[in-house]
Number of protein chains: 2
Amino acid sequence: MSNKKRIALDMDEVIADVIPKFLDLYEAEFGQRLTTNDFRGRKIYDTPAAYKIRNHLFDKGFFRDLPLMANSQEVVRWLHDYYDIYIITAATEFKNSLEDKYEWLEEHFSFIPWQRYIFCGDKSFMKADYMIDDKASHLAKFDGKGLLFSASHNVESTGDFTRMNSWLEIKAFFEEELKKDGIVV
Amino acid sequence: MSNKKRIALDMDEVIADVIPKFLDLYEAEFGQRLTTNDFRGRKIYDTPAAYKIRNHLFDKGFFRDLPLMANSQEVVRWLHDYYDIYIITAATEFKNSLEDKYEWLEEHFSFIPWQRYIFCGDKSFMKADYMIDDKASHLAKFDGKGLLFSASHNVESTGDFTRMNSWLEIKAFFEEELKKDGIVV
């Protein structure tokens with residue numbers, strides 16, 4: 001087994017940006033282009049009227065063409081040299097997401113081997129040193145170091161985690177961690 | 001979170017029987033119906049001539065209609081009352097297996113919710129009390145109690161695990177475990 005420390009890395013709203021697609025779907029449904037301030041503190045679909053647009057998560061293709069989160073690809077590529085990165089994504093609610101997510105990872109993160117993909121529901125079984133996720137509830141059940149990636153729905157979340165506002169902050173965080181571990185980068 | 005102990009349960013050659021399909025594929029290719037004695041100590045395709053039949057694992061549909069391993073369904077149903085059962089299957093080598101396995105689980109083990117499906121490659125990240133698997137290499141990286149489900153390829157395997165030859169043996173094993181834990185069944 002590898003001697004590297006392990007990072008459990010989420011996909012949606014961490015490396016894959018679902019917001020542009022939801023803004024489009026919302027606009028198509030309600031004729032209004034929201035700004036992120038309009039759904040600060042919640043998911044864009046967390047209102048009784050808008051909840052139906054969540055159903056698009058079940059659509060074949062929804063997850064296939066999501067844009068990359070800014071700087072995620074290059075920072076993950078850099079982290080990959082120093083850590084074993086497992087992609088762990090809550091995918092099993094949506095059967096149609098499985099192949100889409102697989103192909104998306106092959107396209108954008110081909111340096112991460114299929115041995116380190118984890119398509120799951122809850123994440124409470126995950127053994128790792130770090131977890132990067134936008135859901136505080138996953139981090140609450142994790143016994144390593146949790147990093148909360150900021151998203152509209154988690155701006156009010158508090159807990160035993162460190163908040164990260166961008167991939168550049170994540171890079172800076174791990175530069176410090178590597179120094180503590182005596183690894184020269 | 002649940003107070004139940006957790007079982008990590010493999011699929012292929014544990015709850016899903018791949019052997020009949022491989023016997024058919026072998027016969028179609030080589031005109032000979034093997035018996036399990038013919039590939040004792042290895043996988044049916046672990047010869048230079050036969051290795052190509054392993055490629056059928058990549059076929060769409062391969063995993064969709066596998067028969068159940070004898071008694072697996074009723075014993076897992078029974079275990080489900082006393083344990084949190086996670087289905088953990090090395091699926092990500094085969095993109096086409098993902099939907100097939102998902103539908104197979106929905107058909108035969110509908111009492112296990114999607115929150116407890118884990119489609120992955122290696123399994124070294126798994127935190128559980130028990131793991132039931134036919135691959136000794138997965139159990140070797142597991143820090144709970146490992147149960148090796150007997151299969152042609154593992155008859156010679158040794159290691160820190162308890163061998164199980166059938167689902168009825170698994171039931172008897174967990175009846176004893178539950179007694180030790182003071183749980184009345």
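Conventions we followed
- Residues numbered from 1 in each chain as written.
- Chains lettered and ligands numbered in written order.
- Predicted model: local features only at pLDDT ≥ 70, side-chain atom pairs only at ≥ 80, totals over all residues.
- Heavy atoms only, no water.
- Helix = DSSP H or I, 4+ residues; strand = E, 2+ residues; numbered from the N terminus.
- Buried < 20%, exposed > 50% of the residue type's maximum accessible area, 1.4 Å probe, protein only.
- Least-squares fit on C-alpha atoms with pLDDT ≥ 70 in both.
- Contact = heavy atoms within 4.5 Å.
- Domains from an automatic or database assignment.
- Buried area = accessible area lost by both parts, 1.4 Å probe.
- Salt bridge = Lys/Arg side-chain N within 4 Å of Asp/Glu carboxyl O.
- Polar contact = N/O pair within 3.5 Å; in protein donor to acceptor, adjacent residues only side chain to side chain.
- Core = buried A, V, L, I, M, F, W, Y, C linked by side-chain atoms within 4.5 Å.

### Examining the environment of B:Ala70
All names here are of chain B.
Here is step 1: When you line up the elements, Ala-70 lands in the loop between helix H1 (19-30) and helix H2 (72-79).
Here is step 2: With relative accessibility at 56%, the residue Ala-70 sits in the exposed group.
Here is step 3: Through-space distance from the C-alpha of Ala-70 to that of Ile-15 is 8.0 Å; in sequence the pair is 55 residues apart.

### Remarks on the relation of the copies chain B and chain A
Here is step 1: For the pair chain B and chain A, the best superposition has an RMSD of 0.0 Å and corresponds to a rotation of 180° with a translation of 0.0 Å parallel to the axis. The transformation relating the two chain copies, once decomposed into turn and shift, fits a two-fold axis. In terms of proximity to the rotation axis, the leading residue of chain B is B:Phe119, whose C-alpha is 2.5 Å off the axis.
Here is step 2: Comparing contact sets, 96% of the residues at the interface of chain B also lie at the interface in chain A, consistent with an isologous, same-surface contact.

### Digging into the domain arrangement of chain A
Residues and elements named next belong to chain A.
Here is step 1: Partitioning chain A into domains gives domain 1 (5-16 + 68-180) and domain 2 (19-58).
Here is step 2: Just the C-alpha atoms count here: the centres of domain 1 and domain 2 sit 23 Å apart.
Here is step 3: Across the boundary between the two partners, domain 1 contributes nine residues, which contact nine residues of domain 2.
Here is step 4: For the pairing of domain 1 and domain 2, the buried interface totals around 820 Å² over both sides, and the portion due to carbon and sulfur atoms is 55%.
Here is step 5: The largest contributions to the domain 1 side of the interface with domain 2 come from Phe-94, Ser-152 and His-153, which together make up 52% of the buried area.
Here is step 6: Applying the counting criterion to the domain 1 and domain 2 interface returns two salt bridges.
Here is step 7: Among the ionic pairs, Lys-43 bridges to Glu-13, the shortest N-O distance being 3.4 Å.
Here is step 8: Taken together, the connections running from domain 1 to domain 2 amount to five residue pairs in polar contact (both at pLDDT 80 or more).

### As for the side chain of A:Lys101
Residue and element names in this part refer to chain A.
Here is step 1: The residue Lys-101 is located in helix H3 (residues 97-108) in this model.
Here is step 2: On the basis of relative accessible area, Lys-101 is assigned to the buried category, the value being 1%.
Here is step 3: Ignoring anything within four residues of it in the chain, the contact list for Lys-101 reads Met-11, Asp-12, Phe-63, Thr-89, Ala-90, Ala-91 and Phe-119.

### Focus on the nonpolar core
Here is step 1: By size, the foremost hydrophobic cluster in this structure holds 99 residues, and its most contacted members are A:Ile15, A:Trp167, A:Phe174, B:Ile15, B:Trp167 and B:Phe174.
Here is step 2: Setting aside anything within four residues of it in sequence, one finds A:Ile15 in contact with A:Leu9, A:Asp10, A:Pro67, A:Leu68, A:Met69, A:Ser72, A:Val76, A:Ile87, A:Trp104, A:Leu105, A:Phe109 and A:Trp167.
Here is step 3: A:Ile88, A:Phe142, B:Cys120 and B:Phe142 belong to the second largest nonpolar core, which has 27 residues in total.

### Some remarks on the pattern of salt bridges
Here is step 1: This model, assessed by the stated rule, comprises 40 salt bridges over all chains.
Here is step 2: Taking the shortest distance from any N to any O, the salt bridge between A:Arg64 and A:Glu107 comes out at 2.9 Å. A residue pair is termed long-range when its members are at least 10 positions apart, and A:Arg64 in the loop between helix H1 (19-30) and helix H2 (72-79) and A:Glu107 in helix H3 qualify at 43 residues.
Here is step 3: Residue A:Arg64 is classed as partly exposed on the basis of its relative accessible area, which comes to 25%.
Here is step 4: Judged by relative accessible area, which is 47%, A:Glu107 ranks as partly exposed.
Here is step 5: A:Lys127 serves as the salt-bridge partner of B:Asp143, at 3.1 Å between the closest nitrogen and oxygen. Of this pair, B:Asp143 sits in the loop between helix H4 (136-140) and strand E5 (145-149) while A:Lys127 sits in the loop between strand E3 (117-120) and strand E4 (130-133), on two different chains.
Here is step 6: On the basis of relative accessible area, A:Lys127 is assigned to the partly exposed category, the value being 22%.
Here is step 7: Bridged by salt links that share partners, the residues A:Lys60, A:Glu99, B:Lys60 and B:Glu99 form one connected network.

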